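Notes for the structure review
The chain contents come next:
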Amino acid sequence: PERWILENEEVLIKLQKEYVEAGTNILYAPTFSANRIKLGEYGLEDSIEEINHRLVEISRKAADGKAYVAGDMTMTGEPLAPVGRMQFEELVDIYKEQIRHLADAGVDLLVVETMMSLQECRAALIAAKETCDLPVMVTMTFEADGRALFGTDVLTAAVTLEKLGADAFGVNCSTGPEQMQPLFKAVREAVSLPLIAKPNAGMPTLNERGDTVYSMDPTAFATETAKLWEEGVSLLGGCCGTTPEHIEALIGRLRGKQPVIRQRADRSYLTSERKTLDFGQGDPFLIVGERINPTGKKKLQEELREGNLDRVLSFAEEQEAQGASLLDVNFGMSGIDEEALMLRALEEIPGVTNLPLVIDSSDIQVCEAALRRYPGRALLNSVSLESEKITKLLPIAAKYGAMFILLPLSEAGLPESLEEKIRIIDTICEKAFALGFTPKDIVVDGLVTTVGANPMAAMETLETIRYCREKGLATVIGLSNISFGLPERTLLNMSFLTMAIREGLTMAIANPSQSLLMAAAFAGDLMMNKKGSDLRYIERVQAHPIQTVQSKDGGKEKVQNTGKRKEGFPEEADPEAKDGRRTVLYEMVLKGRKNKIEASTRELLSRGAEANELLNHSLLPAINEVGELFDKGRYFLPQLIASAEAMKRSIEVLEPYLLQEKQGSKMPAVVIATVSGDIHDIGKNLVILMLKNHGFQVFDLGKDVSKERIIEKAVETKASVIGLSALMTTTMKYMKEVIDYAKERGVAAKFMIGGAVITPEYAQEIGAHGYGADAAEAVRVAKALCGISDH
């Protein structure tokens, strides 16, 4: 596309001038795909500087000083690890390269648009901030369920990107303007940066001539898009299907209007890649799960020295199930590469939980690496008044938009009095405010010491909590410190916790598996009449009942937690399953544990397990459940890909044995391709992986494939199904050409189609036999078209 524009620049200048004449204020230079990866698909990567400079110059001619020119960027098409092979810093460098050329070419601002991955947005934004001083706007696309392709919701994206330094955030493409309105209702009070809306002119369809058309004329588009202004959107425009007439009509509706003043909610926000935790004064009490910490855990230490994160992932799952709202992640021990383990954990933990994380390390380098890589807004534990922390770590937290725990220590160590502790809190706050932090970005550690050594320890901490509450600061405590060195510590911890909650304590770092402690926290909220605390208390004790029983040795009472696992991520597989096969392989596929599945598969085979049994009673049931969880919105694309990859690795081990055991005919053949003119293949590749896992013979023809090549391959392989993918509205029409060509050739294969712009109605309209909304559904459709039962 970039080369075509350079060869036909007058066409683009004429088109963009029409938008400027219609009243456009910001014109996007056609540099959308002019990054090294995309240009490399055409052998143009070495011309990246010339291409970006010339494309910007074309738009500058069209703007003629009457509009700003934005350097336009998007995804590279190569997913980040662990979903794909692209490494985070590699992607940052790719964006930096394009940004340097755009800045040198004289763009007025940068726009990162049509993004489907929050982490890739972060890479582009970090690249921009480290390369130039230009303003950066970021817009993402969202599916019908309100989430981006990788599972991020709009609130999470807005909070994360605002804190990372975006100058404006919004939504482009995705839908028509009416469907965008709920997205902006969710964010208008959570962020204060300008909001952007660039909807399509409705959704695309094909007319009787086979051309792509959009449902909304300029008047209808302007009417509905103007309603987004009422939601507080202050930058409005048009994406697919919007002509100069659409923009002119929109400007007519909004002429003379000022941006709507939005009221910012008085709340704090932390995020993972797929979930936002917001809290304020008077909200229910929060538990920060403390178990991902090697201190005092010999087995965990052994695993970490081996580079094994299985126990870490289990702790993450268990703590969420037991009621934690945040997870503290700490790898501070000798004999390991702490930074490498932390970065691996940040990749793998999101596969088993959506909870936001607390980055906990005494090493500033580890903290910076983690905050740079963390795909959300983390809580940093912690910043003190010690010289290294206040001068180096606080600016790092500011750069990456993290909240931080304020630890009231100084170079002299622990404060000697309550007054000194408060002075330290005030000093750190002043330095943080100077860097752009607000009170809602700070959580003060109450600095609990044991009452065994200091009888006033509890009272001083409670006074600290009261002081912080009056200043609008959240608070946290390391709860178990209060009882150190004393008997029956749980009783002291419970009593202190309920007292602290009464004074306004926000959260505590604790072990959520301590059922009495958790019950005390929920009961304390109920006694304080916090919003929703009655239902939360009832749900808690029903899910985690506490039973008191008499022991046989001495008549002392013991407390047992006999509750069921909290609904969230899937239950453990049946531990009584034959030979543990379902337990091991089923769990590994279900949870995407791909690192050890090959070894586990070989071990089971060596113990006499039959390959066909492992496939049919462990792997296939697991991947089917993964599909169901994906359909229910409990799993997202990263988990789906991790599970599919785990199953693929296991099947590769089983394959020679399956061929020996198999007596019947082979599974049907499927030919799959992205249609002519379309160079997107993320979704297609996942469909291929899932189909192969279910035993189909899959022939992948790649992307931008002609109808002739698709049909020739279908004839050659005697394919039962032909799968076609398209992401762009301009290429979806080629699906019909392939289907029509197949009819001309007398090919009997059935067609299954999918892609971001494809709908069931479109599939029916062009004569396709099936539609797959995602990879899990594509497998079901392919089976149905081939007459294969799941049973």
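Here's what I pulled together on the structure shown here. Quantities reported herein were computed from a predicted structural model and do not represent experimental measurements.

Once that is clear, we can look at the state of the cysteines. Enumeration over the complete set of coordinates arrives at zero disulfides. No disulfide involves C240; its sulfur sits 3.8 Å from the nearest other cysteine sulfur, which is in C173. Here C240 falls in the partly exposed class, since its relative accessible area comes to 22%.

What follows concerns the packing of helix α2 (residues 9-22) against helix α10 (residues 244-254). Where α2 contacts α10, the axes come no closer than 8 Å and their chain directions differ by 15°. One finds that α2 runs roughly parallel with respect to α10. α10 is crossed by α2, and the crossing has right-handed handedness. Contact residues: E18, Y19 and A22 in α2; P244, I247, E248 and I251 in α10. Across the contact of α2 with α10, the residue classes tally to five nonpolar, no polar and two charged.

Attention shifts here to the packing of helix α8 (residues 177-185) against helix α9 (residues 218-230). Between α8 and α9, the least distance of the axes is 9 Å, while the angle of their chain directions is 5°. Considering their axes alone, α8 and α9 lie roughly parallel with respect to each other. Residue-level contacts link P177, E178, M180, Q181 and F184 of α8 to F221, E224, T225, K227 and L228 of α9. Along the lines of polarity and charge, the residues of the contact of α8 with α9 split into five nonpolar, two polar and three charged.

Once that is clear, we can look at the pairing of strand β24 (residues 721-725). The side chains of a regular strand alternate between both faces of the sheet. Taking burial as the measure, the five residues of β24 include five buried ones, the bulk of the element. Pairing geometry for strand β22 (residues 669-674) and β24, over five bridges, is parallel. By the bridge assignment for β24, T674 is matched with S725. Pairing geometry for β24 and strand β25 (residues 750-754), over five bridges, is parallel. Considered in β25, the bridge of L724 is made with I753. Considered for its hand, the β-α-β crossover made up of β24, helix α27 (residues 733-745) and β25 is right-handed.

In this section: the sheet that holds β25. With parallel pairing, five strands are arranged side by side in an open sheet as β23-β22-β24-β25-β26. Of all strands in the sheet, those bounded by a partner on one side alone are β23 (697-700) and β26 (770-771). Here β22 pairs with β23 via four bridges, running parallel. For V671, the partnering residue across the bridge sits in β23 and is F699. The sheet strands contacting helix α26 (residues 707-717) are β22, β23, β24 and β25, and the helix crosses β22 at an angle near 170°. Against the sheet, helix α29 (residues 775-785) engages β24, β25 and β26, with an angle of about 170° to β25.

Of the two faces of strand β14 (residues 357-360), both are covered, the one formed by L357 and I359 as well as the one formed by V358 and D360. Strand direction decides the pairing type here: strand β13 (residues 326-329) and β14, joined by three bridges, are parallel. What sits directly across from V329, in β14, is I359. Following the chain from β13 across helix α13 (residues 338-348) to the adjacent parallel β14, one finds a crossover that is right-handed. Here β14 runs beside strand β15 (residues 379-383); their pairing, made up of three bridges, is parallel. When the sheet's bridge partners are listed, I359 is paired in β15 with L380. Read from β14 through helix α14 (residues 364-373) to β15, the crossover connection turns out right-handed.

The rules behind these values
For every chain, the first residue of its written sequence is number 1, and the numbers climb from 1 along that sequence. Reporting of local features is limited, given that this is a predicted model, to residues whose pLDDT is at least 70; pairs of side-chain atoms are given and counted only at 80 or more, and all residues count toward the totals for whole chains, interfaces and linings. Each side-chain value is worked out from all heavy atoms of the structure, with water and hydrogens disregarded. Only a pair of cysteine sulfur atoms within 2.5 Å qualifies as a disulfide here. Three exposure classes are used, based on accessible area relative to the maximum for each residue type with a 1.4 Å probe and protein chains only: buried under 20%, partly exposed in between, and exposed over 50%. Working convention: axes come from line fits to C-alpha atoms, limited for helices to the stretch in contact. Angles between N-to-C directions cover 0 to 180 degrees. Starting at the N terminus, helices and strands are each numbered in turn, a helix being any DSSP run of H or I of at least four residues and a strand any DSSP run of E of at least two. What sets the label is the angle itself: under 35 degrees gives roughly parallel, over 145 gives roughly antiparallel, 65 to 115 gives roughly perpendicular, and the rest give oblique. Handedness of a crossing follows from how the near helix is turned relative to the far one, being left-handed for an anticlockwise turn of less than a right angle and right-handed for a clockwise one. Contacts were defined at the residue level, with two residues in contact if any of their heavy atoms lie within 4.5 Å. Gly counts as polar in this scheme, as do all residues outside two lists: the nonpolar Ala, Val, Leu, Ile, Met, Phe, Trp, Tyr, Cys and Pro, and the charged Asp, Glu, Lys and Arg. Paired strands, as defined in this entry, are two strands with at least two bridges between them according to DSSP. If the strands point away from the viewer and the path from the first strand over the helix to the second runs clockwise, then the crossover is right-handed.

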